[in-house]
Amino acid sequence: MRNNEIAMVGVPMDLGADRRGVDMGPSAIRYASVKEKLAGLGYRVKDLGNLVVPTPESMDAGENKLKYMREITAVSRELAETTDQVVQSGCFPLILGGDHSIAIGSIAGVARHHKRMGVIWFDAHGDLNTSKTSPSGNIHGMPLAISLGWGHPDLVNIGGVSPKLRPEDVVIIGARQLDEGERTLIREQGIHVFTMHDIDRMGMGPVMEEALQIVTDGTDGVHLSLDLDSLDPVDAPGVGTPVAGGITYRESHLAMEILAETGVLTSAEFVEVNPILDHGNRTAKAAVALIGSVFGEKVL
C-alpha cells in the first residue's frame, strides 16, 4: 500500500439482495479480528463504524425491477461522501459489506480522486445487470454496470460524475454464473473477464499478471472489489448466492499476495459475508485472512 493508515467503514446493507443476514457481515469481519490483523502488520487503523442502513421490514421495496432503489441511493451517496473524506484524510479506504450494491457508493467516492481508475472485481457473477436485464431486480447484481454508467440516472450519477469507470479498465475474476444480458454487454463492451475456465487452464498467477497489466495501463489508481462468493462454497459457505466450482482458498491468497507485491491498490472492499448462512464464522475468517494477504502478510 502507498501509506500505512487505513480507515475502515462498515456498510450493513442487505437491501440489494433477497436473502437476509448479509447486513451482519461488517460485524462478523470485525469479530474475526480484522483490526488486530492489520495492526499486527504495522498499520494504523481507524474504525469509523457503520453507516446507518434501514431494514427491509421498515421500507417498501418499490419498483420491482429496482428493489429499494431510493434507500440504496441514499446510502450510496453517504458512502461516496465518506470514502471521499477518507481519501482526503490520507487514509486507505477499506469498506466492509454488506451486499455488493455498496460498491456503487465506494467507487463513486474514490473515483473523485482519480482521473482514470482500474478495478479488479472478484465475483462468481458479473454484477453487470440493469433493470432491463436483471431476472430479480436486486441491485446487488448491478453495481459494476452502474459504475460504468449503465442504469437508472439516480444511481449512475451518484458523486456527480458518470461514468466512473471505463470498460477497458475493468477485470472480472472468478466468474462462473452470468445472465444473458451480462454476456451480451461483456461482448459488446469488450470487458475483460477471467472465468473459472480461464483460471483452471492458465493458473491464478498468470491470470493476475494479465489482469494487473490491464488495470494499470494508463490508470492512476486501482480499486479491489472482492465478493466472498468468488471463493468456492467449501471455503466460504456464508454467502447469499453461492456457486459451486469457485476459486480455492489458496488461489485467492495467491491473488491477494500478488496484488500486495505490486503496491498498486488505492482502495478496497470485501462484501457479501452472511453469518446466518455460515459455519463458525468461517467466511468472515477467510475475508480477514485475505485482507491480511492483500496488505502484505507473508508466511516468511
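Bear in mind the structure is a predicted one, so any value in this text is a computation, not a measurement. What you see as residue numbers is a count from 1 along each chain, following the sequence as written. Per-residue local features are limited, in this predicted model, to residues with pLDDT of at least 70; the limit for side-chain atom pairs, both in listing and counting, is 80 or more; totals at the level of whole chains, interfaces and linings are taken over all residues. To obtain the side-chain values, all non-hydrogen atoms of the structure were used and water was disregarded.

1. Side note on the sheet that holds strand S8 (residues 265–271)
The 8 strands lie next to each other as S2-S1-S3-S8-S7-S4-S5-S6, forming an open sheet whose pairing is parallel. Edge strands, defined here as strands with exactly one partner in the open sheet, are strand S2 (44–50) and strand S6 (192–195). Recorded for the sheet is a direction-independent mean angle of 15 degrees between the axes of neighbouring strands. Whether two strands pair comes down to DSSP finding at least two bridges between them. Numbering goes from the N terminus for both helices and strands, where a helix is a DSSP run of H or I of at least four residues and a strand is a run of E of at least two. In this sheet, S6 lies alongside strand S5 (residues 170–175) in parallel orientation, the contact comprising 4 bridges. Looking across to S6, one finds that Ile-172 is bridged to Val-193. Axes here refer to lines fitted to C-alpha atoms; in helices the fit is confined to the stretch in contact. Angles between the N-to-C directions go from 0 to 180 degrees.

2. Observations concerning the UniProt feature "binding site: Mn(2+)" (unreviewed entry) in the chain
With numbering matched to this structure, UniProt assigns "binding site: Mn(2+)" (unreviewed entry) to His-100, Asp-123, His-125, Asp-127, Asp-227 and Asp-229. In three dimensions, the annotated residues from a span of 130 residues occupy one location, with a maximal C-alpha spread of 12.2 Å. Lining the largest pocket, out of the annotated residues just given, are His-100, Asp-123, His-125, Asp-127, Asp-227 and Asp-229. Its location among the elements puts His-100 in the loop between strand S3 (92–97) and helix H4 (103–110). Residues are treated as being in contact if the distance between any of their heavy atoms lies within 4.5 Å. The residues touching His-100, leaving out its near neighbours within four places in the chain, are Trp-121, Asp-123, Asp-127, His-140, Pro-143, Ser-225, Asp-227, Glu-269, Val-271 and Glu-272. Two N or O atoms count as a polar contact when they lie within 3.5 Å, although within protein this holds only if one can serve as hydrogen donor and the other as acceptor, and sequence-adjacent residues are included solely when both atoms are side-chain atoms. Of note is the side chain of His-100, whose polar atom sits 3.0 Å from the side chain of Asp-123. Mapped onto the fold, His-125 is located in the loop between strand S4 (118–122) and helix H5 (143–147). For His-125, the residues in contact, after removing those within four places along its chain, are Ile-172, Gln-177, Leu-178, Asp-229, Thr-241 and Val-243. Reaching out from His-125, the side chain makes a polar contact with the side chain of Gln-177 at a distance of 3.1 Å. UniProt positions are given in the numbering used here, feature names are shortened, and annotations may be inferred rather than shown by experiment. A pocket here means an open set of points on a 1 Å grid, computed over the protein atoms alone, that has protein on both sides within 12 Å along at least five of seven lines. A cavity is instead a set of points where a 1.4 Å probe fits but cannot get out; residues with an atom within 4 Å of a point line either one.

3. Quick look at the nonpolar core
Grouped together as the largest cluster of nonpolar side chains are 50 residues, with contacts concentrated most on Leu-94, Ile-120, Phe-122, Ile-173, Met-208 and Leu-224. For this core, the element with the most residues is helix H9 (residues 204–216), which contributes 7 residues. In this structure Ile-173 touches Ile-120, Trp-121, Phe-122, Asp-123, Phe-194, Ile-199, Met-204, Val-207, Met-208, Ala-211 and Ile-247, once residues within four positions along its chain are discounted. Judged by nonpolar contacts, the second largest core, of 24 residues, contains Leu-15, Ile-104, Ala-108 and Ile-158. In plain words, nonpolar cores are sets of buried Ala, Val, Leu, Ile, Met, Phe, Trp, Tyr and Cys residues tied together by side-chain atoms within 4.5 Å. Here the term buried applies to any residue with accessible area under 20% of the maximum for its type, exposed to any over 50%, and partly exposed to those in between, with areas from a 1.4 Å probe on protein chains only.

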